[in-house]
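One-letter residues, chain by chain:
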Amino acid sequence: MADGVVKYGIIGVGMMGREHLINLHHLRSEGVAVVAIADPHLPSQQEAGSLAHSLDWPLQVFSSHKELLDSGLCDVLVVSSPNMTHFEILMDIISHPKPHHVLVEKPLCTTVADCTKVVDAARRQVKMVAIREHRFPFLVKVNNWNRFNCNTGGTLVEKCCHFFDLMRLFAGADPVRVMASGAIDVNHRDETYDGKVPDIIDNAYVIVEFENGSRGMLDLCMFAEGSKNEQEISVVGDIGKGEAFVPESIVRWGTRVEGRDGVKTLKAEDERIKYDGLHHGSSYLEHLQFLSAVRAKGAQAPAVDLHDGLISVAIGVAAQLSIEKGRFVTIEEVMK
């Protein structure tokens, strides 16, 4: 999509595949183009080819979906082949080195078992999520309420629950168990409030294991003012890796096939942001989304709901308990 055109491939060009071809032709003003089709049935190939010619849409024709995949021509794939072929085709798409957006004709597969395998395979695409926050100490708040675990829930709840929510979003699965190591090593050690010494940790490592086999890791340090970036996020799958850096607002991504020389860099910008504030525009976007949900009057779900908040806190509580107990803590344990 480097030139702004979204390139489509259609797998299966019988009646329904040709219907998609015509619809996409009517969307050409939106910057789409069908560049390839695949079908082992020669008459279907020929009919689709004739249709594309009549629409003045040049495209490449393949006899198998694997040939189309290996061509690297497409950003988006439409699967409109016979029902019984969906499972094999989808599994090949998911496991292919090049990622694709996919639109699948009904039914997803012909059996619940095959549907489940496809869903599980798609969820396993993300293997590891690593988030590093190296920053300044907790700021002073009213009556120093944020100096004590009994008020905050603990540093890994107060400071990091949104990172755990982000891990869960990337992993596409719920957490199973948590292991953490942390301590109060530098900050607030010489402070007292009403005779009490703060008990909030200032650094930690947290490992989160998810039900689909993905893992997340948080690296927190709150005495790292000498950092160029306050947050660094890395997401790694079986075909590539993406990284984001804040406040530089730099995103990098690359694939295993292309290696280091193929890594691309993008300056992240969002024209909707009218005020950067303390969180580099994220609070502004948060309000935009929430306002949209309010105006939808129930027709649009919020981006983050109560259940998401519950799970993010549960991960933080499990991490705090893991530090205290020196062992893995299951989410089931803290949810009871």
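Cut-offs used in this document
Residues numbered from 1 in each chain as written. Predicted model: local features only at pLDDT ≥ 70, side-chain atom pairs only at ≥ 80, totals over all residues. Heavy atoms only, no water. Salt bridge = Lys/Arg side-chain N within 4 Å of Asp/Glu carboxyl O. Helix = DSSP H or I, 4+ residues; strand = E, 2+ residues; numbered from the N terminus. Patch = residues over 30% accessible without salt bridge, like charges linked within 9 Å, V, L, I, M, F, W, Y side chains within 5 Å. Areas by Shrake-Rupley, 256 points an atom, 1.4 Å probe, with all protein chains shown as cover. Phe/Tyr/Trp six-rings, centres within 6.5 Å; stacked < 30°, edge-to-face > 60°. Buried < 20%, exposed > 50% of the residue type's maximum accessible area, 1.4 Å probe, protein only. Lys NZ or Arg CZ within 6 Å of the ring centre and 35° of its normal. Axes fitted to C-alpha atoms, helices over the stretch in contact; angles between N-to-C directions. Parallel < 35°, antiparallel > 145°, perpendicular 65-115°, else oblique. Contact = heavy atoms within 4.5 Å. Nonpolar A, V, L, I, M, F, W, Y, C, P; charged D, E, K, R; others polar.

- The name given to the protein in an unreviewed UniProt entry is Inositol 2-dehydrogenase, with the source organism recorded as Sesamum angolense.

1. Overview of the pattern of salt bridges
Moving on, step 1. Applying the stated criterion across every chain yields a total of 13 salt bridges.
Moving on, step 2. As a salt-bridge pair, Asp219 and Arg132 come within 3.1 Å of each other at their nearest N and O atoms. With a gap of 87 residues between them, Asp219 in strand β9 (residues 215-221) and Arg132 in strand β6 (residues 126-134) connect regions that are remote in the sequence.
Moving on, step 3. Across the pair Glu209 and Arg177 runs a salt bridge whose closest N-O atoms are separated by 2.7 Å. Taken together, the residues Glu209 in strand β8 (residues 203-210) and Arg177 in strand β7 (residues 175-183) connect sequence positions 32 residues apart.
Moving on, step 4. Because the salt bridges share partners, they merge into one network encompassing Arg132, Asp219 and Glu232.

2. Examining a nonpolar patch on the surface
Moving on, step 1. Nonpolar side chains collect at one region of the surface, where Phe290, Leu291 and Val294 lie side by side and expose about 280 Å² of accessible area between them.
Moving on, step 2. Within the secondary structure, Val294 is located in helix α9 (residues 282-295).

3. Quick word on the packing of aromatic side chains
Moving on, step 1. Tallied over the full model, the rule gives 1 aromatic pair.
Moving on, step 2. Taking 6.2 Å as the distance between ring centres and 85 degrees as the angle between the ring planes, the aromatic pair formed by Phe148 and Tyr193 counts as edge-to-face. Within this pair, whereas Phe148 is found in the loop between β6 and α6 (149-152), its partner Tyr193 is found in the loop between β7 and β8, the two being separated by 45 residues in sequence. Just as Phe148 is buried, Tyr193 falls in that class too.
Moving on, step 3. When the ring centre of Phe328 is taken as reference, the NZ or CZ atom of Arg177 above it lies at 3.7 Å.

4. Structural notes on unusual backbone geometry
Moving on, step 1. The omega torsion of the bond from Lys106 to Pro107 falls at -10 degrees, within 30 degrees of zero and hence cis.
Moving on, step 2. Here Pro107 lies in the loop between β5 (101-104) and α5 (112-123).
Moving on, step 3. Omega for the peptide link from Val246 to Pro247 comes to 15 degrees, which places this bond in the cis form.
Moving on, step 4. Tracing the sequence through the fold places Pro247 in the loop between β11 (240-246) and β12 (250-255).
Moving on, step 5. The backbone of His280 sits at a positive phi, close to 60 degrees, despite the residue not being glycine.
Moving on, step 6. Judged by its relative accessible area of 39%, His280 is partly exposed.
Moving on, step 7. Even without being glycine, Lys297 reaches a positive phi, approximately 55 degrees.
Moving on, step 8. According to the relative accessible area criterion, Lys297 is exposed, its value standing at 77%.

5. Looking at the packing of helix α4 (residues 86-95) against α5
Moving on, step 1. Two elements in contact, α4 and α5, have axes separated by 10 Å at closest approach and are oriented at 5 degrees. With respect to each other, α4 and α5 are oriented roughly parallel. Contacts from Phe87, Leu90, Met91 and Ile94 in α4 reach Asp114, Lys117, Val118, Ala121 and Ala122 in α5.
Moving on, step 2. Grouping the constituent residues of the contact of α4 with α5 by class yields 7 nonpolar, no polar and 2 charged.

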